[in-house]
Amino acid sequence: MDTSQLKRYAIQARRDFISAVAARAKRIGADADGVADYQERGDFLILGEQKFPIEYKGAFAALRQAIYRKGFDHIIDEVAYTWFNRFVALRYMELHDYLPHGMRVLSSRDSNSSPEIMRDPTRLDFSSDVNKEVIRELFEAGNREEELYRTLLIAQCNELNAIMPFLFEKVSALSELLLPDNLLSSDSIIRNLCSEIAEDEWQ
């Protein structure tokens, strides 16, 4: 097997994942100085022009504390490395048909650009604490694909935690908060992972 393709990708992927996580951090008001203050309004946290569910309150607190204790760059590097490991493992598993539901999580076997897991997520039977009604609501909305996909990715990783805790640790609030944006776009870190390395190279 020619591993040169893998080595080239790994070098670039580290930069790409760090950049994507850092961009997400910036969007939610986090930098080397800490985390911007938000306003609580009903069931939401308001940060500038952005609105987050009130459930993110603990994640913002965890991020603020982590930046204070470890430093911003260290947190970004750590989270990027964690998501990279998860996505590489998911890619390997989907190509070898190791996922119990039989669908690809990061890609599609046909020309459809959406990952197979997005086609009918309401029939997935995750045993983790994911709210199936939330998945149904996001799916039926028809215009919340990015939010739905983030929810499914996190649920899938938490589901695999029961089988392989050494690789799929429970997704922490901080890790979820810093999961990069635009994961369904044509130039996302996930799309690049699937396109840069030929499927045969995953054997």
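Below is a short write-up of the structure. (Residues numbered from 1 in each chain as written. Predicted model: local features only at pLDDT ≥ 70, side-chain atom pairs only at ≥ 80, totals over all residues. Heavy atoms only, no water.)

Further remarks concern the overall build of the chain. When you go through the chain residue by residue, the secondary structure sums to seven helices and five strands. Reading the chain from its N end, one meets helices and strands in the order α-β-β-β-β-β-α-α-α-α-α-α. Taking 2.2 N^0.38 as the reference for a compact globule, 203 residues should give roughly 17 Å; the C-alpha atoms of the chain span a radius of gyration of 17 Å, in line with that estimate. By principal-axis analysis of the C-alpha atoms, the chain measures approximately 50 × 40 × 30 Å. Counting across all 203 residues of the chain, residues that qualify as buried make up 43%. Partitioning the intrachain contacts of the chain with sequence separation of at least 6 by distance along the chain shows that 59% fall at a separation of at least 24. When the accessible surface of the chain is summed, it comes to about 11,200 Å², and 48% of that surface belongs to carbon and sulfur atoms. One finds the centroid of the 25 positive side-chain charges in the chain at a distance of 2 Å from the centroid of its 34 negative side-chain charges. (Helix = DSSP H or I, 4+ residues; strand = E, 2+ residues; numbered from the N terminus. Rg over C-alpha atoms; globule rule 2.2 N^0.38 Å. Buried < 20%, exposed > 50% of the residue type's maximum accessible area, 1.4 Å probe, protein only. Contact = heavy atoms within 4.5 Å. Areas by Shrake-Rupley, 256 points an atom, 1.4 Å probe, with all protein chains shown as cover. Lys, Arg positive; Asp, Glu negative; His and termini not counted. Charge placed at Lys NZ, Arg CZ, Asp CG, Glu CD.)

With that out of the way, let us pick up the side chain of Arg-150. Relative to the helices and strands, Arg-150 resides in helix H5 (residues 145–161). At a separation of 3.5 Å, a polar atom in the side chain of Arg-150 contacts the main-chain carbonyl oxygen of Glu-176. Excluding anything up to four places from it in sequence, Arg-150 contacts Arg-24, Glu-176, Leu-177, Leu-179, Pro-180, Asp-181 and Leu-183. (Polar contact = N/O pair within 3.5 Å; in protein donor to acceptor, adjacent residues only side chain to side chain.)

A few words on the pattern of salt bridges. Oppositely charged side chains can pair when the atoms bearing their charge come close. Under the definition given, this model contains 17 salt bridges. Across the salt bridge formed by Arg-91 and Glu-199, the nearest N and O atoms sit 3.8 Å from each other. One end of the pair, Arg-91, is in helix H3 (residues 72–95); the other, Glu-199, is in the segment after helix H7 (189–196), with 108 residues separating them in the sequence. For Arg-91, a relative accessible area of 2% gives the class buried. Notably, a salt bridge pairs Asp-110 with Arg-119, separated by 3.0 Å at the nearest N-O pair. Accessibility expressed as a relative area gives 37% for Arg-119, which makes it partly exposed. The structure contains a network of salt bridges with shared partners spanning Arg-24, Arg-27, Arg-150 and Asp-181. (Salt bridge = Lys/Arg side-chain N within 4 Å of Asp/Glu carboxyl O.)

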